[in-house]
Amino acid sequence: MSESAVKWPSGRGRFVTFEGGEGTGKSTQIKKLADRLKAARMRILVTREPGGSPGAEIMRHLVLSGMGKLLGPEAETLLFAAARDDHVRTVIQPALNQGTWVLCDRFADSTRAYQGSVGRVPAALINAMQRVTIGDLKPDLTLILDLPVEIGLQRAAARRGSGTPDRFEAEKLGFHQGLREAYRKIAADDPARCVLIDANSDPDTVAGRVWTALRDRLLPTPASVVSI
Ligand code: Z5A
């Protein structure tokens, strides 16, 4: 089915999040999907976490510099929550209300995986912060890019070149293996929202898998598709 054959849903925009460990290709795939949707004349907003709004970008600088780690896992989690609160209120929710589709590079599952499963911040604290920051906003679709950890870290290192690894890239292999498991569990626990994407192929092949998942989950049933 080509994009031009699709009768795009109207009304509120759809909220699509990309998740996964280091170097799994989230940014690459978001760009490819956004280009494809824009070519089909969809209104698309690409954004990211932490960050995506002026206030949240300040928090991004704090956490990726390693400053948040000095404060301890709970306080670092609060920094991510503060960033998300600003991002949701000032960017994501207004865009969805206007009918724009929002593609977000990481969202609340990153907090569950990084701070919750691997960082051992209690689920009760994460749940409480989530109630405050995102309320009942839930992604319509979450694409979790899955890749052997060694390959993801190699890709991230190749992209970085001689630059210094950031606060999370610098963690040990066990940390990243734990993350992969955490994401696989998130996908298994919420199959109505999440699709696990095999990211261990060339970018265009992975993009094909992403497109299939989006088409199957978010585009109208064949009966409502206009044929060309
Ligand atoms: N974090 C958190 O702890 N809690 C939270 O609540 C939130 C975030 C929201 C943000 O980092 C950090 O914050 C993140 C988690 C934490 N940890 N770290 N680091 P970031 O935004 O700076 O980076 P990232 O989100 O982790 O992105 P990434 O993993 O570094 O990259 P990616 O977006 O997944 O991959 P990419 O940039 O698209 O590709 C990486 C390289 O691989 C690049 O050179 C590509 O050209 C190449 N690539 C991509 N796809 C392929 C394929 N298919 N084959 C070969 N090569 C490829």
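Presented here is an overview of the structure given in this document. (Residues numbered from 1 in each chain as written. Predicted model: local features only at pLDDT ≥ 70, side-chain atom pairs only at ≥ 80, totals over all residues. Heavy atoms only, no water.)

### Points about the pattern of salt bridges
Then step 1. Taken as a whole, this structure holds 19 salt bridges when the rule is applied.
Then step 2. As a salt-bridge pair, arginine 167 and glutamate 76 come within 2.7 Å of each other at their nearest N and O atoms. Taken together, the residues span a long stretch of sequence, with arginine 167 in the loop between helix 7 (149–160) and helix 8 (173–189) and glutamate 76 in helix 4 (residues 73–97) at a distance of 91 residues. Side by side, arginine 167 and glutamate 76 carry an identical accessibility label, which is buried. (Salt bridge = Lys/Arg side-chain N within 4 Å of Asp/Glu carboxyl O. Helix = DSSP H or I, 4+ residues; strand = E, 2+ residues; numbered from the N terminus. Buried < 20%, exposed > 50% of the residue type's maximum accessible area, 1.4 Å probe, protein only.)

### Concerning the pairing of strand 4 (residues 141–146)
Then step 1. With respect to burial, strand 4 is a largely interior element, six of its six residues being buried.
Then step 2. Neither face of strand 4 is left uncovered, since the one carrying Leu141, Leu143 and Leu145 and the one carrying Thr142, Ile144 and Asp146 both have all their residues buried.

### Points about helix 2 (residues 54–64)
Then step 1. Within the sequence span of helix 2, burial applies to Ala56, Arg60 and Val63. Viewed end-on, helix 2 has its buried residues packed into an arc of 75 degrees, placing them on one side of the element. Residues Pro54, Ile58 and His61 are exposed on helix 2 and point more than 90 degrees away from its buried face.
Then step 2. The inward-facing, buried residues of helix 2 abut strand 2 (44–48), helix 3 (67–71) and helix 4.
Then step 3. Within two residues after helix 2, glycine 66 carries a phi angle of roughly 95 degrees, on the positive side. (Arc of directions from axis to C-beta. Contact = heavy atoms within 4.5 Å.)

### Observations concerning the packing of aromatic side chains
Aromatic rings considered in pairs are described by the distance between their centres and by the relative angle of their planes.
Then step 1. This model, assessed by the stated rule, comprises four aromatic pairs.
Then step 2. Ring centres 4.9 Å apart and planes at 85 degrees place the aromatic pair phenylalanine 15 and phenylalanine 107 in the edge-to-face group. Note that phenylalanine 15 is positioned in strand 1 (residues 15–20) and phenylalanine 107 in the loop between strand 3 (101–105) and helix 5 (108–118), a separation of 92 residues in sequence. Summarising the burial analysis for this pair, phenylalanine 15 and phenylalanine 107 share the class buried.
Then step 3. The interplanar angle of 85 degrees and the centroid separation of 5.3 Å between the aromatic rings of tyrosine 114 and phenylalanine 168 together place this pair among those described as edge-to-face. Of this pair, tyrosine 114 sits in helix 5 while phenylalanine 168 sits in the loop between helix 7 and helix 8; the two residues are 54 residues apart in sequence, bridging distant segments of the chain. Comparing tyrosine 114 with phenylalanine 168 shows no difference in burial state: the two are buried.
Then step 4. In textbook terms, an aromatic cluster arises when at least three aromatic residues are bridged by ring pairs, as seen for Phe80, Tyr114, Phe168 and Phe175.
Then step 5. One residue, arginine 36, lies across the ring of tryptophan 211, its end atom 4.0 Å from the ring centre. (Phe/Tyr/Trp six-rings, centres within 6.5 Å; stacked < 30°, edge-to-face > 60°. Lys NZ or Arg CZ within 6 Å of the ring centre and 35° of its normal.)

### Here we look at the nonpolar core
Then step 1. Ranked by size, the top nonpolar core spans 25 residues in total, and within it Leu143 and Leu214 carry the most contacts.
Then step 2. For this core, the secondary-structure elements that each account for two or more residues are strand 1, helix 1 (26–39), strand 3, strand 4, strand 5 (194–198) and helix 9 (203–218).
Then step 3. Ignoring anything within four residues of it in the chain, the contact list for leucine 143 reads Val16, Thr17, Phe18, Glu19, Val195, Ile197, Val210 and Ala213.
Then step 4. In this structure, Val63, Phe80, Phe168 and Leu179 belong to the second largest nonpolar core, which totals 14 residues. (Core = buried A, V, L, I, M, F, W, Y, C linked by side-chain atoms within 4.5 Å.)

### Things to note about the side chain of aspartate 86
Then step 1. Position of aspartate 86 relative to the elements: it lies in helix 4.
Then step 2. At a separation of 2.6 Å, a polar atom in the side chain of aspartate 86 contacts the side chain of serine 53.
Then step 3. In contact with aspartate 86, not counting residues within four places along its chain, are Ser53, Gly55, Ala56 and Val91. (Polar contact = N/O pair within 3.5 Å; in protein donor to acceptor, adjacent residues only side chain to side chain.)

### Remarks on the site of the ligand
Then step 1. Around the ligand, 27 residues are found, and the nearest of them are Glu22, Gly23, Lys26, Thr28 and Thr111.
Then step 2. Between arginine 84 and the ligand, the recorded distance is 3.1 Å, taken from a side-chain N or O atom to an oxygen atom.
Then step 3. Side-chain polar atom of aspartate 166 to a nitrogen atom of the ligand: 3.3 Å apart, as the coordinates give it.
Then step 4. Burial of the ligand by the surrounding chains reaches 84%, relative to a free accessible area of 1100 Å².
Then step 5. Counting only elements with at least two residues in the shell around the ligand, the list comes to helix 1, helix 2, helix 4, helix 5 and helix 7.
Then step 6. A total of four residues in the shell around the ligand trace back to one element, the largest contributor, which is helix 5.
Then step 7. Looking at the shell around the ligand residue by residue, the class counts come to six nonpolar, 10 polar and 11 charged. (Near = heavy atom within 4 Å. Areas by Shrake-Rupley, 256 points an atom, 1.4 Å probe, with all protein chains shown as cover. Nonpolar A, V, L, I, M, F, W, Y, C, P; charged D, E, K, R; others polar.)

### Section: the side chain of aspartate 109
Then step 1. Along the chain, aspartate 109 turns up in helix 5.
Then step 2. We classify aspartate 109 as buried; its relative accessible area is 7%.
Then step 3. Apart from the residues lying within four places of it in its own chain, the contact partners of aspartate 109 are Glu19, Thr142, Tyr183, Ile186 and Arg193.

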